[in-house]
Amino acid sequence: MIRVEDISKIFGADPETALGRLREGGTKAGIQAETGQIVGIDRASFALDPGEVFCIMGLSGSGKSTLIRCINRIIEPTAGRILFMDPELGEQDVTAMDGEQLRRLRTYHMSMVFQHFALFPHRTVHANAVFGLEIQGRDKAERDRVGAQVLEMVGLGAWGKAYPSELSGGMQQRVGLARALATQAKVLLMDEPFSALDPLIKVNMQQELVRIQQELERTILFITHDLDEAMRIGDRIAIMEEGRIVQIGTPEEILVNPRTDYVANFVEHADPTAVITAGTIAVPFSEATFILHEERAGLRYYRRRDDGEDGDIRYCIDADGRFHHVVLGERAVEPGRMDTTAPAATGASVRGRNEEVLRCGPATVLRDVLRARVRSRHPVVVTGEDDRFEGIIDEPALVHAILEKRGQPTTEPPVSGDAREAHA
């Protein structure tokens, strides 16, 4: 949908001098001291997929707001290209557009939601919401229909005749969102839209945005300085430092594998429970972690290598690596499946906290696994596609995930023998 290629923005009278120093490896502070030019964006590159929520975050002065304003050329980039893919018109070079082309882009294809609402105080809520439609030249009947629809969507259906001064800050921000949605633009540019709101209202607006996005599937570029916000709403996150993008990844990738000390400091106090997944933290099924206990009737029974001969729990797997059941002592137990949003045992009766065994998929988040542990002292079984046994989540794995925000080590000894065959 959007591709950004080596965008740079230099503030000052002689930007070419600063660009040359950037290519030579100069830093933002060094270039400012040497040339007096201020580096706003340093060769940023990324791409947005259709329907994606892409968050850009960083500290104040990192360049995130400058970057989003370069996307629709509210700020003119100094160098680089911004490409917009339109299904009907094909690839458009935003940086090469003339004034009329740029106005059409902003009117029909890219809407912007600002941090400070930018509502017209003399217009009603409904009139604010349909302002973009007026600019597009839509007739009144269509404006009224679409305006009522988007206001209902953001929870303001009964407030169309009110004025902005009669609304709370959160409600005013909803009007700004409704105005952006009403134009039916394919791309929403959102510059810290919730940062001025109270914490509870802010969370409500984040949830509202996620709900609307699930319904409309717009492509959203969202600027924030709040990591928890980025992880709550973003499909991917780009982290900026001194005008540069230093890491791009999914929320889990950013949290589990920060590439620089700057990123590590960002994620140090982040809540991992809604981001890290079972597949990441599970003790993997391999020769290093499991050993064949016995084989009978075409099924193989594995126990944790660390449990020793006296381990009282064994995992039953067939020759194709598919999980069948757990054996506790001498009793076969079918684990109850755990839903990814509201864990609950299905297909098996609840046998009490100490006896229940639960099973989840690799995409289940840590928070749901923790809830499951309240009900059972036994490790949670993780199974993937075709019921293949991927591993287990025990107490040490949970503690490691919470305290260290890390998964299990990815380097393992070569798998051979029975364990290799079972995992094939």
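Figured I'd write up the structure that's included with this text. (Residues numbered from 1 in each chain as written. Predicted model: local features only at pLDDT ≥ 70, side-chain atom pairs only at ≥ 80, totals over all residues. Heavy atoms only, no water.)

A count of helices and strands for the protein gives 16 helices and 20 strands. C-alpha extents for the protein along the principal axes are approximately 75 × 60 × 40 Å. The proportion of buried residues among the 424 residues of the protein is 50%. Of the roughly 19400 Å² that the protein leaves accessible, carbon and sulfur atoms contribute 49%. Positive and negative charge centroids in the protein, built from 50 and 65 side chains respectively, lie 4 Å apart. (Helix = DSSP H or I, 4+ residues; strand = E, 2+ residues; numbered from the N terminus. Buried < 20%, exposed > 50% of the residue type's maximum accessible area, 1.4 Å probe, protein only. Areas by Shrake-Rupley, 256 points an atom, 1.4 Å probe, with all protein chains shown as cover. Lys, Arg positive; Asp, Glu negative; His and termini not counted. Charge placed at Lys NZ, Arg CZ, Asp CG, Glu CD.)

Below, the discussion takes up the packing of aromatic side chains. Across all of its chains, the model carries 11 aromatic pairs by this definition. Ring geometry for Phe290 versus Tyr315: centroids 5.8 Å apart, planes at 80 degrees, classification edge-to-face. One end of the pair, Phe290, is in strand E12 (residues 290-296); the other, Tyr315, is in strand E14 (residues 313-318), with 25 residues separating them in the sequence. Taking relative accessible area as the criterion, Tyr315 reaches 1% and is therefore assigned buried. Taking NZ or CZ as reference, Lys9 lies 5.2 Å from the ring centre of Phe11, over its face. Positioned above the aromatic ring of Tyr301 is the side chain of Arg296, whose terminal nitrogen or guanidinium carbon lies 4.3 Å from the ring centre. (Phe/Tyr/Trp six-rings, centres within 6.5 Å; stacked < 30°, edge-to-face > 60°. Lys NZ or Arg CZ within 6 Å of the ring centre and 35° of its normal.)

Before going further, it helps to examine the nonpolar core. In this structure, Met190, Ile239, Tyr315, Phe389 and Ile393 are the most contacted members of the largest nonpolar core, which totals 81 residues. For Ile239, the residues in contact, after removing those within four places along its chain, are Met57, Arg244, Ile245, Val246, Gln247, Ile254, Tyr262, Val263 and Phe266. Within the second largest apolar cluster, 29 residues are counted, among which are Ile2, Leu67, Met110 and Leu189. (Core = buried A, V, L, I, M, F, W, Y, C linked by side-chain atoms within 4.5 Å. Contact = heavy atoms within 4.5 Å.)

Moving on, we get to unusual backbone geometry. Of note in this structure, Glu242 is not a glycine but carries a positive phi near 50 degrees. Along the chain, the position of Glu242 falls in the loop between strand E9 (236-241) and strand E10 (244-249). Even without glycine at this site, Ala297 takes up a positive phi of about 50 degrees. In this structure, Ala297 sits in the loop between E12 and strand E13 (299-304). On the basis of relative accessible area, Ala297 is assigned to the exposed category, the value being 82%.

Let us look at the pattern of salt bridges. As enumerated under the stated definition, the model contains 27 salt bridges in all. As a salt-bridge pair, Asp144 and Lys140 come within 2.7 Å of each other at their nearest N and O atoms. Within this pair, Asp144 and its partner Lys140 are both found in helix H7 (residues 140-153), separated by 4 residues, close to a single helical turn. With relative accessibility at 54%, the residue Lys140 sits in the exposed group. (Salt bridge = Lys/Arg side-chain N within 4 Å of Asp/Glu carboxyl O.)

As a further point, take the packing of helix H1 (residues 15-23) against helix H2 (residues 28-35). Where H1 meets H2, the closest approach of the two axes is 10 Å, and the angle between their N-to-C directions is 140 degrees. Here H1 lies oblique to H2, going by the angle between them. For the pair H1 and H2, the crossing hand works out as right-handed. Between H1, through Thr17, Ala18, Arg21 and Leu22, and H2, the contact on the second element is made entirely by Ile31, Glu34 and Thr35. For the contact of H1 with H2, the per-class residue count stands at 3 nonpolar, 2 polar and 2 charged. (Axes fitted to C-alpha atoms, helices over the stretch in contact; angles between N-to-C directions. Parallel < 35°, antiparallel > 145°, perpendicular 65-115°, else oblique. Left-handed = near helix turned anticlockwise from the far one by under 90°. Nonpolar A, V, L, I, M, F, W, Y, C, P; charged D, E, K, R; others polar.)

Burial along strand E6 (residues 110-113) is two-sided: Met110 and Met112 facing one way and Ser111 and Val113 facing the other are all buried. Strand direction decides the pairing type here: E6 and strand E7 (residues 187-191), joined by 4 bridges, are parallel. Bridge pairing in E7 places Met112 opposite Leu189. (Pairing = 2+ DSSP bridges.)

Our focus in this paragraph is the environment of Gln207. Structurally, Gln207 is set in helix H9 (residues 199-216). Look at Gln207 and you get partly exposed, because its relative accessible area is 46%. For the pair formed by Gln207 and Val369, sequence separation is 162 residues and the distance between their alpha carbons is 22 Å.

Taken in spatial order, the 4 strands of this open sheet run E2-E1-E4-E5, and their pairing is antiparallel. At either margin of the open sheet sits one strand with a lone partner, and together these are strand E2 (38-48) and strand E5 (90-93). Ignoring which end each strand starts from, the neighbouring axes of this sheet average 20 degrees apart. Docked against the sheet, helix H3 (residues 64-71) engages strand E1 (2-11), E2 and strand E4 (79-86), running at close to 120 degrees with respect to E1.

A few words now on the environment of Arg43. Along the polypeptide, Arg43 turns up in strand E2. If sequence neighbours within four positions are ignored, Arg43 has contacts with Asp6, Ile7, Ser8, Leu22 and Arg23. Engagement of the side chain of Arg43 in a polar contact is seen with the backbone oxygen of Leu22, the distance being 3.2 Å. (Polar contact = N/O pair within 3.5 Å; in protein donor to acceptor, adjacent residues only side chain to side chain.)

The end-to-end C-alpha separation of helix H8 (residues 169-182) is 20 Å, in line with the 20 Å expected for 14 residues at 1.5 Å each. Along H8, 13 of the 14 residues are buried, which leaves the element largely enclosed by surrounding structure. With its phi angle positive at about 60 degrees, Gln184 sits one or two positions after the end of H8. (Expected span 1.5 Å × (residues − 1).)

It is worth spelling out helix H4 (residues 99-109) at this point. Where H4 is concerned, the buried positions are Leu102, Leu105, Thr107 and His109. Packing partners of the buried residues in H4 comprise E4, E6, helix H6 (131-136) and E7. Between a side-chain oxygen at the N-terminus of H4 and the backbone nitrogen of Glu100 the separation is 3.2 Å; the capping residue is Asp98.

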